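# Results of the structural survey
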Amino acid sequence: MHINCQHILQITEAQLRYEHDVTLREASPQALHEALSKAVMMSISEAWGESKRNRMHRRKACYFSAEYLIGRLVYSNLYNLGILDELKQTFLAAGADLSCLEEIEDAALGNGGLGRLAACFLDSAASCNLPLSGYGLRYRFGLFKQRFDENGNQKEAADDWSKYGDPWSYRRYNHTVKIQFPDHTVLAVPYDVPIIGYGTKNIGTLRLWQCEAEEELDFDAFNAQDYQRALAAKNEAEDITRVLYPNDSTWEGKRLRVKQQYVLSSASLQDILRVYKVNHGTDMSRFADFVAIQLNDTHPAMSIPELIRLLMAEGMTFEQGFDIAQRTFSYTNHTIMTEALEKWNMDLLRSVVPEICDIITRIDNKLKSEHPGLYILKDNTAHMAYMSVYVASYVNGVAEIHSQILKDDLFHQWYQVFPERFQNKTNGITPRRWLGLCNPELTRMIKYRVGGDFLTHLEKLELLKSQIDDDMVRQFNAIKHSKKVALAAVIERCEGISINPDFIFDVQVKRLHEYKRQLMNALSVVDIYFRIKDGQLPDFHPTVFIFGAKSAPGYDRAKTIIRYINRIARMINNDASVRDKLKVVFVQNYNCSYAEHIIPAADISEQISPAGTEASGTGNMKLMLNGAVTLGTMDGANVEIVREAGLENNYIFGASVPELASIRDTYWARNIYDADPFLRRAINTLVDGTVPTDDQQRELFSSLLDGASWHRPDHYFILKDYQSYLETKLRANRDYAGRLAFGRKCLMNVASAGKFSSDRTIRQYASEIWHVEPQQP
Ligand code: 26W
């Protein structure tokens, strides 16, 4: 698509004049953002409409997801349009520096991996000209903003991401639909976000639903001066999409969440049915020939009974509706942690969506008559994952090892009955945002060697392998250093901590969860700290350990771990005797935009979950693509990362899935504690006053050594894996001194990252699950 930068500048200036009453030079970042974004929206509108018309009569796929972690859109959209650099020049010449847009807030309409994956998939589908539309919810407040108080506690604040406007969406009130609940009806109003493909005219659509009341104001109540009641319906409706639930991997059976899920399901299906009728007429029997729907985990699983309900309202029988639903839906599982699996109490469900309950009951009856032994309903509880497996055409995990565990373990009985349904789709990431945009320096180096189109043909990275020589390694090392200098400036500005770019940057960034073992990382840092002070690690290469993580606000253990790491950081950073060796930084409010600074600067990527717990991981892929080596376990996508890049170029440690399975019931962490004085000294800092202690740290300590009523000691095998972890970490540290040999390992990782493009993943979904074809715009 050709977009004229001078033209964008002119429209931006006009917008600024009549919407904000300022000149380009006077404009605030927010005003500039709004005006510039609107100018771009105008200039893509024709291509967007054309893309929609192109799709009308063809088979298409819809992605249903409660989360889209799209982050900041302005740079990535300009990047995908191919005008970012030129536009920066054009604006600079006119007196505006677009780097001020770094101040624009992220749209954090997701928690972590699952939400970011959905965003990467949309980028890839648009770039690959695949007919995919996203459906989701437009939360007024996204994932909370995080800061740390003076004691290192996580404090949450509301994320009012659209308070200065949301120029990257159009409100489409004419496509509003009604959602019925027993006691009231609400409106779902769609907001459409363009998904701009890279290097193509094709523009996809993300449609986000916002709940509003049918009647904003009850005038009778207002006249009676009862203002509460006058606004009650408005508030009750808007409450539904008021806030994103900040839970990641722990499930809570909340009423409002049922409502959110039902709105997502019903509004999206009503919309799809409306469009189907426009394009294909009123014969609904061919619905599944034209529409495939992917359920991003079970959060949108109520779509299954809802589609059957809507088809029955059109005159079909239950059996006919079921058949169409079965041919329409597929289901992706993203976690095997049992505490994350959605199980709704039927009384709660019935009080919010009674008709959905009736249909779930009929689905369950059908299942039990066909396959005694399998169930969806048990003990008055609906198991949403089981319903999804039963009705879906295909069920997939998100990395090979994860898909295998689904078959062997979580869905074993189902696999025996429906073996042909089970697939794997190893996750991926969009190389545009996670290399092209965040690391233009490395992108330029690679382009020069493998060709300009590698960001859409990431397998071409392989061509680097035969070219890696000392010159190239030096060039890579220089780029890495420059990205470390840049990150150091960001950290200085945001955290007030200065770090030395000559240190190793060891990075663990991801949601805080016990299974991700940030605590194990922290314990190793404490251990290393004491050993340095004891003079035992004379050759230790100076290292800064960088953490970034949000904890679910109600997850007390995770919050305790954050505070503990902050206490460790304070102790170490204030100890002048290790100043030239060690630094610990826990960045505040880790999000997409922070990731875009941290990831290109990392030397070592920590991916340290116990084998069999992390479904895939996608941060591991982003770090690999930017030339970090992985310090990790044989878990999730790490398995495939080391298969591609070589064991010798990464740092793999810890017990395997079968090893952990075989010790699960007999493992006694305290034996390891008693036998290892170094580990003991590190663990003791939770309780011995080395850093401030408290009841929660004591509880954490005893959860490791004694367990609790609901779990065995050291549930996530920190002590079990510790020794091999520390050894491997120290080996990586020693290897780093050989700057050329280490840089070669980094480059081998870059060159092996081709598989992890989400272009590859989305093409596999398109051909093996959705059966949709790319279409030239
Ligand atoms: C209902 C509470 C809840 C919320 C979110 C339960 C579970 C989730 C998600 C499934 C958590 C999540 O983001 N899972 C991550 O999905 C990524 C994309 O597939 C994987 O790479 C990560 O390994 C997985 O943890």
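A brief look at the structure comes next. (Residues numbered from 1 in each chain as written. Predicted model: local features only at pLDDT ≥ 70, side-chain atom pairs only at ≥ 80, totals over all residues. Heavy atoms only, no water.)

## Looking at the site of the ligand
Around the ligand, the structure places 22 residues, and the nearest of them are Leu 114, His 334, Asn 427, Glu 614 and Gly 617. Between the ligand and Glu 614 there is a distance of 2.7 Å, counted from an oxygen atom to a side-chain nitrogen or oxygen. Taking Ala 615, its main chain carries an N or O atom lying 3.4 Å from an oxygen atom of the ligand. Protein contacts shield 97% of the accessible area of the ligand, which totals 580 Å² for the unbound molecule. Sort the elements by how many residues they give to the shell around the ligand and helix H5 (residues 113-127) lands first, with three residues. When grouped by side-chain class, the residues that make up the shell around the ligand number seven nonpolar, 11 polar and four charged. (Near = heavy atom within 4 Å. Polar contact = N/O pair within 3.5 Å; in protein donor to acceptor, adjacent residues only side chain to side chain. Areas by Shrake-Rupley, 256 points an atom, 1.4 Å probe, with all protein chains shown as cover. Helix = DSSP H or I, 4+ residues; strand = E, 2+ residues; numbered from the N terminus. Nonpolar A, V, L, I, M, F, W, Y, C, P; charged D, E, K, R; others polar.)

## Examining the environment of Ala 392
Following the sequence through the fold, Ala 392 ends up in the loop between helix H15 (384-391) and strand E16 (395-397). Between the C-alpha atoms of Ala 392 and Lys 60, which are 332 residues apart in sequence, the distance is 17 Å. Sequence-distant contacts of Ala 392, defined by excluding residues within four places in its chain, comprise Gln 326, Phe 329, Ser 330, Tyr 331 and Arg 421. (Contact = heavy atoms within 4.5 Å.)

## So, a nonpolar patch on the surface
A cluster of nonpolar side chains, namely Leu 217, Phe 219, Phe 222, Tyr 227 and Leu 231, defines an oily patch on the protein surface of about 460 Å² accessible area. Note that Leu 217 resides in the loop between strand E10 (203-213) and helix H6 (219-223). Accessibility expressed as a relative area gives 32% for Leu 217, which makes it partly exposed. (Patch = residues over 30% accessible without salt bridge, like charges linked within 9 Å, V, L, I, M, F, W, Y side chains within 5 Å. Salt bridge = Lys/Arg side-chain N within 4 Å of Asp/Glu carboxyl O. Buried < 20%, exposed > 50% of the residue type's maximum accessible area, 1.4 Å probe, protein only.)

## Description of the nonpolar core
Of all hydrophobic cores here, the largest spans 272 residues; its most connected members are Leu 36, Phe 91, Leu 349, Ile 363, Phe 411 and Trp 770. Among all residues touching Phe 411, those that are not within four sequence positions of it are Tyr 331, Asn 333, Ala 385, Tyr 386, Val 389, Val 395, Leu 406 and Phe 422. (Core = buried A, V, L, I, M, F, W, Y, C linked by side-chain atoms within 4.5 Å.)

## What to know about the sheet that holds strand E18 (residues 504-509)
Reading across the sheet, the six strands line up as E20-E19-E18-E21-E22-E23 and stay open at both edges, with parallel pairing between neighbours. Looking at strand neighbours, the two that pair on one side only are strand E20 (582-587) and strand E23 (651-652), the edges of this open sheet. Where strand E21 (residues 604-607) and strand E22 (residues 629-632) come together, four bridges link them in parallel fashion. Looking across to E22, one finds that Ile 604 is bridged to Val 629. Strand contacts of helix H22 (residues 556-573): strand E19 (543-548) and E20, with the helix running at about 145° to E20, the strand carrying the most contacts. (Pairing = 2+ DSSP bridges. Axes fitted to C-alpha atoms, helices over the stretch in contact; angles between N-to-C directions.)

## Notes on the sheet that holds strand E15 (residues 381-383)
Here we have three strands laid out as an open sheet, ordered E13-E15-E14, and antiparallel in their pairing. In the strand order of this sheet, the two ends are held by strand E13 (343-345) and strand E14 (377-378), each with one partner. Inspection of the sheet shows E14 paired to E15 by two bridges, in the antiparallel sense. The residue bridging Lys 378 from the neighbouring strand is Thr 381, located in E15. On the sheet, H15 packs against E13 and E15 and is oriented at approximately 50° with respect to E15.

## Focus: helix H19 (residues 440-450)
Taken together, the buried positions of H19 are occupied by Leu 442, Thr 443, Met 445, Ile 446 and Val 450. All buried residues of H19 fall inside an arc of 165° around its axis, so they share one side. Away from its buried face, by an angle of more than 90 degrees, H19 presents the exposed residues Arg 444 and Tyr 448. Packed against the buried residues of H19 are helix H18 (431-437), helix H20 (470-495), helix H24 (619-625) and helix H31 (739-751). Downstream of H19 by a residue or two, Gly 451 has a phi angle that is positive, lying close to 110°. (Arc of directions from axis to C-beta.)

## Concerning the pairing of strand E2 (residues 68-71)
Residues of E2 alternate between two faces, with Tyr 68 and Ile 70 on one and Leu 69 and Gly 71 on the opposite face, all of them buried. Of the strand pairs in this sheet, E2 and strand E3 (residues 107-109) are connected by two bridges, and their pairing is antiparallel. Residue Gly 71 lies in a different strand from E3, and its bridge partner there is Ala 107.

## Focus: helix H4 (residues 84-93)
What H4 keeps buried is the set Leu 84, Leu 87, Thr 90 and Phe 91. The arc enclosing the buried residues of H4, seen along the axis, measures out at 125°, which places them on a common side. In H4, the exposed positions that point more than 90 degrees away from the buried face belong to Asp 85, Gln 89 and Ala 93. On the buried face of H4, the contacting elements are helix H1 (5-20), helix H2 (29-55), helix H3 (74-80) and H18. Positive phi shows up at Gly 95, right after H4, with a value of about 105°.

## A few points about the packing of helix H11 (residues 303-313) against helix H14 (residues 354-370)
Between H11 and H14, the shortest axis-to-axis distance is 9 Å and the interhelical angle comes to 100°. In this view, H11 runs roughly perpendicular relative to H14, as classed from their interaxial angle. For the pair H11 and H14, contact is made by Ile 304, Pro 305, Glu 306, Ile 308, Arg 309 and Met 312 and by Glu 355, Ile 356, Ile 359, Ile 360, Arg 362 and Ile 363, respectively. (Parallel < 35°, antiparallel > 145°, perpendicular 65-115°, else oblique.)

## A word on the pairing of strand E9 (residues 185-196)
Across the 12 residues of E9, 11 count as buried, placing the element largely inside the fold. Bridge count for strand E7 (residues 170-171) against E9 is two bridges, and the pairing is antiparallel. Looking at the pairing, Tyr 170 lines up with Asp 192 of E9. Two elements, strand E8 (residues 177-180) and E9, share four bridges in a ladder whose sense is antiparallel.

## Things to note about the packing of aromatic side chains
Evaluation of the coordinates by the stated rule reveals 30 aromatic pairs. Centroid distance Tyr 63 to Phe 121: 5.8 Å. Interplanar angle 80°. Geometry classified as edge-to-face. One end of the pair, Tyr 63, is in strand E1 (residues 60-64); the other, Phe 121, is in helix H5, with 58 residues separating them in the sequence. Residue Phe 121 is classed as buried on the basis of its relative accessible area of 0%. Taken together, a centroid distance of 5.1 Å and an interplanar angle of 80° make the contact between Phe 148 and Phe 586 edge-to-face. Taken as a pair, Phe 148 in strand E5 (residues 145-148) and Phe 586 in strand E20 lie far apart in primary sequence, 438 residues in all. Residue classification places Phe 148 among the buried residues on the basis of a relative accessible area of 13%. (Phe/Tyr/Trp six-rings, centres within 6.5 Å; stacked < 30°, edge-to-face > 60°.)

## A closer look at the pattern of salt bridges
The full count for this structure, using the stated rule, is 57 salt bridges. For Lys 178, the salt bridge identified is with Glu 214, shortest N-O distance 3.2 Å. Here Glu 214 lies in the loop between E10 and H6 and Lys 178 lies in strand E8, a separation of 36 residues in the sequence. Judged by its relative accessible area of 46%, Lys 178 falls in the partly exposed class. Among the residues examined, Glu 214 registers a relative accessible area of 39% and is labelled partly exposed. Across the pair Asp 603 and Lys 484 runs a salt bridge, and its minimum N-O distance is 2.6 Å. Linking Asp 603 in the loop between helix H23 (592-598) and E21 with Lys 484 in helix H20, this pair joins segments that are 119 residues apart in sequence. Residue classification places Asp 603 among the buried positions, given a relative accessible area of 3%. Taking relative accessible area as the criterion, Lys 484 reaches 1% and is therefore assigned buried.

## Re the packing of helix H21 (residues 518-533) against helix H28 (residues 677-684)
The geometry of H21 relative to H28 is characterised by a closest axis approach of 9 Å and an angle of 110° between their N-to-C directions. Judged by the inter-axis angle, H21 sits roughly perpendicular to H28. At the point where H21 passes H28, the crossing takes the right-handed sense. Across from Leu 523, Val 526, Asp 527, Phe 530 and Arg 531 in H21, the residues of H28 making contact are Phe 678, Leu 679, Arg 681, Ala 682 and Ile 683. (Left-handed = near helix turned anticlockwise from the far one by under 90°.)

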